[in-house]
Amino acid sequence: MIMKTPIFDLSFWRGRLEQAKSMGQLDQAIGRGFEFKAKIDPAHEKIIEGLIKPEDKVLDIGCGYGRIAHWFNDEQYIGIDFVPEFIQLAKEIHPNKGFIEHDLRNPLPWEDNYFDWGICISMKGMIIREQGQEEWDKIEKEAKRVCRKLLICEYGNNQREEAEKYEVI
């Protein structure tokens, strides 16, 4: 039996964001106890640099506060998240990037193959674990409709080693 947790509940993420802000550690809003700057970000940035060209259009799916937005040119990047506070914060941190509030359980507002890449970081495993494979399959299908390729990166307790694993679909 899949245990449903509040990953699609705005109050869950709002609470985590407020707590992370009070600690001065924004990364803790999206992944508690993880060392993004030292372990996860370098691994993901290396993967992205090896796959995505500077001219490729990128959709950062579940972008949070825009943690990886600075890795991309302004005109090539759009981040989406369903938490309005994350999107507002992302716009404040990266005023020249595109950010849109959007719930992934709804159709994406772009035509087929609009983006060269969709990036999902630490979403697939969480959604499958907490909401089930069927929920992930719906999100993946819609993401694949608007993105030519999806880059799916995860991380877990062995942060560095797991951050180096990825799949392209």
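Residues numbered from 1 in each chain as written. Predicted model: local features only at pLDDT ≥ 70, side-chain atom pairs only at ≥ 80, totals over all residues. Heavy atoms only, no water.

Secondary structure summary: the protein contains seven helices and six strands in total. Helices and strands in the protein line up, N terminus first, as α-α-α-β-β-α-β-β-α-α-β-α-β. In the protein, the proportion of contacts linking residues at least 24 apart, taken out of those at least 6 apart, comes to 62%. Roughly 8,900 Å² of accessible area belongs to the protein as shown, and the carbon and sulfur atoms make up 49% of that amount. (Helix = DSSP H or I, 4+ residues; strand = E, 2+ residues; numbered from the N terminus. Contact = heavy atoms within 4.5 Å. Areas by Shrake-Rupley, 256 points an atom, 1.4 Å probe, with all protein chains shown as cover.)

To continue, consider the pairing of strand S4 (residues 115-121). Side chains on a regular strand alternate between the two faces of the sheet. Among the seven residues of S4, six are classified as buried, and the element is accordingly described as predominantly covered. Sheet analysis places strand S1 (residues 58-61) next to S4, joined by four bridges and oriented parallel. Note on S4: the bridge partner recorded for Leu59 is Gly118. Alignment of S4 against strand S5 (residues 147-153), held across six bridges, turns out to be parallel. Looking across to S5, one finds that Trp117 is bridged to Lys149. (Buried < 20%, exposed > 50% of the residue type's maximum accessible area, 1.4 Å probe, protein only. Pairing = 2+ DSSP bridges.)

Attention now goes to helix H4 (residues 84-93). Those residues of H4 not exposed but buried are Phe86, Ile87, Leu89 and Ala90. Viewed end-on, H4 has its buried residues packed into an arc of 165°, placing them on one side of the element. (Arc of directions from axis to C-beta.)

Before going further, it helps to examine helix H6 (residues 133-146). Along its 14 residues, H6 runs 20 Å from first to last C-alpha, staying within 8% of the 20 Å computed at 1.5 Å per residue. Regarding H6, the residues found buried are Glu135, Trp136, Ile139, Glu140, Glu142, Ala143 and Val146. For H6, the angular spread of buried residues about the axis comes to 165°, placing them on one side. Along H6, exposed side chains directed more than 90 degrees from the buried face belong to Glu134 and Lys141. (Expected span 1.5 Å × (residues − 1).)

The next subject is the sheet that holds S4. Reading across from one edge, S3-S2-S1-S4-S5-S6 is the order of the six strands in this open sheet, with mixed pairing throughout. The open sheet terminates on both sides in strands that have one partner only, identified here as strand S3 (98-101) and strand S6 (166-168). Strand-to-strand twist of the sheet, defined as the mean angle between neighbouring strand axes without regard to direction, takes the value 20°. Here three bridges tie S5 to S6, and the two strands are oriented antiparallel to one another. Counterpart to Ile152 in the pairing with S6 is Glu167. Against the sheet, H6 contacts S1, S4 and S5, and its axis sits at roughly 135° relative to S5. (Axes fitted to C-alpha atoms, helices over the stretch in contact; angles between N-to-C directions.)

Let us look at the pattern of salt bridges. Throughout the structure, instances matching the rule amount to eleven salt bridges. Its salt-bridge partner being Lys21, residue Glu18 comes within 3.9 Å of it at the nearest N-O pair. Here Lys21 and Glu18 lie together in helix H1 (residues 10-23), a separation of three residues that amounts to about one turn. Among the residues examined, Glu18 registers a relative accessible area of 47% and is labelled partly exposed. (Salt bridge = Lys/Arg side-chain N within 4 Å of Asp/Glu carboxyl O.)

This part is about the environment of Ile152. Take Ile152: it is sitting in strand S5. Sequence spacing of Ile152 and Val168 is 16 residues, and the spatial spacing of their C-alpha atoms is 6.4 Å. Contact partners of Ile152, with chain neighbours within four places excluded, come to Cys120, Lys124, Trp136, Glu140, Tyr166, Glu167 and Ile169.

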